[in-house]
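Spelled out from the first residue to the last, the chains are:
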Amino acid sequence: MRLVATEHLNTGDRIGRDIVTSGDGLLLLRAGMRISDSFQRSLRRAGITAVWIDDELSAGIEPLEMLREETRHRAVSAIRSAFQDVSQSLVQGGALPADTIRKMTAVAELIGRDIADNAQSALALNDLANADSYTMKHSLAVTALGLALGIRAMRRYGWTDHRGARRFDQVEQRLSQLGVGLLLHDIGKLAVPPEILHKPGPLTDDEWTAMRAHSMLGFQMLKGTGGISALARSVVRSHHERWDGTGYPDRKAGVAIHQFARIATVADVFDALTSERPYSAAEPAHRAFEYVVSRAGRDFDPDIVDVFRSSVAPYPPGTGVVLSDGSRGLVKEVRPAFVECPIVRIVVDPSGRSIPPREVDLSTTPELTIVSEDVAPLAPLAV
Ligand SMILES: [Fe+2]
């Protein structure tokens, strides 16, 4: 399978995965169907910018699965019910029911187990595109990526206790609290007026102030809730702090920001950049990757960015790429030790001719690098 921009789809292309609308999660087109002119129009209307296509060129290439289907379903329904409970308690002025917190903790542990089982694979968030609505998808993606970074960061650096000692114990309990914090990190957005939240243009200063209040509002919402730990709440409160002290709400800097919030920030920014939002189109993974790396030491903790660099695939399997010699192909496989040097299936040679597929391992061919994502449609095989 390969990911093809909607504008480059051809009539007759076979859809590789079910296509679900990002707003309400409705099934738009089923895997196996063929693209027609009218399908293309409905994809554009639904704001879907890229589609997984199954063809001869991409035979044997599979999108990276970060979470099992069942985990994804359970997580989305747990996030949805927590958000409903919070909406209700906002109206009635009560706290979040203890049962909701228990469910969130169970889901955070489930996601953590999926991620830990997959620790050997590099991460790509594109397999989460099937979760419904931006907040659901975003909460799930930030949790999955944040936990993946958390597991690796704990392994490498451990955590620092209040006496300043570095520790490697109690990691599992702490990670499940990180998961709960990540699942709920944007829950304060329920208290932001929807016309600001979904505004399809730039926000005014006043609107930004209202938007920025969400992290503190979320923290306060969870205050009286039994079962929510201080660790989880610090993720909610501090996920918009920046390493150099320019974030909000407390303008904390460096290690004064809780380690879990520093992890959440990286996951939050990466996912926001690679997602369609009301006011901007999704960036390809490699551009968001470069952005995160370029902001190490300014926006982000350099140690966490280091973990990120060895965890996330800037060019996930199925992405079309242009190589430094002008040849073009598809990313076949990404290995965690070499996330920036995947195995590429070359199908077009440097002179622009289609050739029978040839695989090169960029980790062993230093003279070849990826220079950009291939947005042009690949020519059909001339053999
Ligand atoms: Fe946020």
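Next up on the list: the overall build of the protein. For the protein, the helix and strand inventory stands at 12 helices and 12 strands. About 17200 Å² of surface is accessible on the protein, with carbon and sulfur atoms providing 52% of the total.

Turning next to the coordination of the iron ion. Coordination of the iron ion by the protein involves D186 (OD), H214 (NE2), H239 (NE2) and H240 (NE2), with metal-donor separations of 2.2 to 2.3 Å. Every donor counted, the four donor atoms about the iron ion form angles of 84 to 171° at the centre, which fits irregular coordination. Using a relative accessible area of 0% as the deciding quantity, one classes H239 as buried.

With that out of the way, let us pick up the nonpolar core. In terms of nonpolar packing, the biggest core is built from 61 residues, with I111, I115, L184, F270 and F308 touching the most fellow members. Broken down by secondary-structure element, the contributors of at least two residues to this core are α2 (69-92), α3 (98-117), α4 (134-157), α5 (171-183), α9 (230-238), α10 (259-273), α11 (285-294) and α12 (302-309). Among the elements that take part in this core, α4 stands out by supplying 12 residues, more than any other. For I111, the residues in contact, after removing those within four places along its chain, are L67, T71, A75, L140, T143, A144, L147 and L183. Among the nonpolar cores identified, the runner-up in size contains 14 residues, and V321, L323, L362 and L368 belong to it.

Checked against the element boundaries, V76 lands in helix α2. Distance from V76 to L183, taken between C-alpha atoms, is 9.9 Å for residues 107 residues apart in sequence.

With that settled, consider unusual backbone geometry. Of note, the amide linkage connecting Y248 to P249 takes the cis form, showing an omega dihedral of 5°. The residue P249 is located in the loop between α9 and α10 in this model. One non-glycine residue, Q170, adopts positive backbone phi at about 50°. Structurally, Q170 is set in the loop between β7 (166-167) and α5. Even without being glycine, R251 reaches a positive phi, approximately 50°. When you line up the elements, R251 lands in the loop between α9 and α10. By relative accessible area, R251 is classed as exposed at 58%.

On to the environment of P316, then. Tracing the chain through its elements places P316 in the loop between α12 and β8 (320-323). As a C-alpha pair, P316 and P284 span 32 residues in sequence and 10.0 Å in three-dimensional space.

As judged from the three bridges shared by β8 and strand β9 (residues 328-333), these two strands associate in the antiparallel manner. Along β9, the bridge assignment pairs G320 with L330. Linking β8 back to β9 in an antiparallel pair, the connection comprises four residues, with G326 at a positive phi of about 95°. As paired strands, β9 and strand β10 (residues 343-348) are joined by five bridges and run antiparallel to one another. Paired with V331 across the bridge in β10 is V344.

This next bit is on the packing of helix α8 (residues 214-221) against α9. Packing of α8 against α9 brings their axes to within 7 Å, and their N-to-C directions diverge by 155°. Relative to α9, the element α8 lies roughly antiparallel. Taken together, the residues of α9 that come into contact with α8 (itself represented by S215, M216, G218 and F219) are R233, V236 and R237. In terms of residue class, the contact of α8 with α9 is made up of three nonpolar, two polar and two charged.

As a further point, take empty space enclosed by the protein. Going through the model one piece at a time under the given rule, you end up with one cavity of 30 Å³ or more. Considered as a void within the structure, the largest cavity measures approximately 40 Å³ in volume. Every residue lining the largest cavity is listed: E241, R242, W243, I257, A261, R262, T265, D299, F300 and D301. Of the residues that constitute the lining of the largest cavity, the class distribution is four nonpolar, one polar and five charged.

Conventions adopted
- Each residue is numbered by its place in its chain's sequence as written, counting from 1.
- Whole-chain, interface and lining totals are the exception, using all residues; otherwise, since this is a predicted model, local features are given only for residues with pLDDT of at least 70 and side-chain atom pairs are given and counted only at 80 or more.
- Side-chain measures here rest on the full set of heavy atoms in the structure, leaving out hydrogens and waters.
- For the purposes of this entry, the term helix denotes a DSSP run of H or I that reaches at least four residues, the term strand denotes a run of E that reaches at least two, and both are numbered from the N terminus.
- Here, Shrake-Rupley sampling with a 1.4 Å probe gives the accessible areas, and only protein chains in the shown set may cover a residue.
- Coordination here is defined by N, O and S atoms within 2.8 Å of the metal (3.2 Å for Na, K and Ca), and since water is not considered, a site can look incomplete.
- Geometry is assigned from the angles between donors: four donors with all angles from 85 to 135 degrees make a tetrahedral site, four or six donors whose opposite pairs exceed 155 degrees while the rest stay between 65 and 115 make square planar or octahedral sites respectively, and everything else is labelled irregular.
- Summary of the burial criterion: residues with accessible area below 20% of their type's maximum are buried, those above 50% are exposed, and those between are partly exposed, where the area comes from a 1.4 Å probe applied to protein chains only.
- Residues belong to a common nonpolar core when they are buried Ala, Val, Leu, Ile, Met, Phe, Trp, Tyr or Cys residues joined through side-chain atoms within 4.5 Å.
- Contacts between residues were defined by any pair of non-hydrogen atoms, one from each residue, lying within 4.5 Å.
- A pair of strands is treated as paired once DSSP finds two or more bridges between them.
- For every element, the axis is a line fit to its C-alpha atoms; helices are fit only across the contacting stretch, and the angle between N-to-C directions ranges from 0 to 180 degrees.
- With respect to orientation, any angle under 35 degrees is reported as roughly parallel, any angle over 145 as roughly antiparallel, any angle of 65 to 115 as roughly perpendicular, and every other angle as oblique.
- Side-chain classes are defined by residue name, with Ala, Val, Leu, Ile, Met, Phe, Trp, Tyr, Cys and Pro counting as nonpolar, Asp, Glu, Lys and Arg as charged, and the others, Gly among them, as polar.
- A pocket, in this scheme, is an open set of points on a 1 Å grid over the protein atoms alone with protein on both sides within 12 Å along at least 5 of 7 lines, while a cavity is a set where a 1.4 Å probe fits but cannot get out; residues line either one if an atom lies within 4 Å of a point.
- Grid points are joined across faces, edges and corners, and a volume is the space filled by probe spheres set on the points.

Remember that the coordinates give geometry; whether it matters functionally is a separate question.
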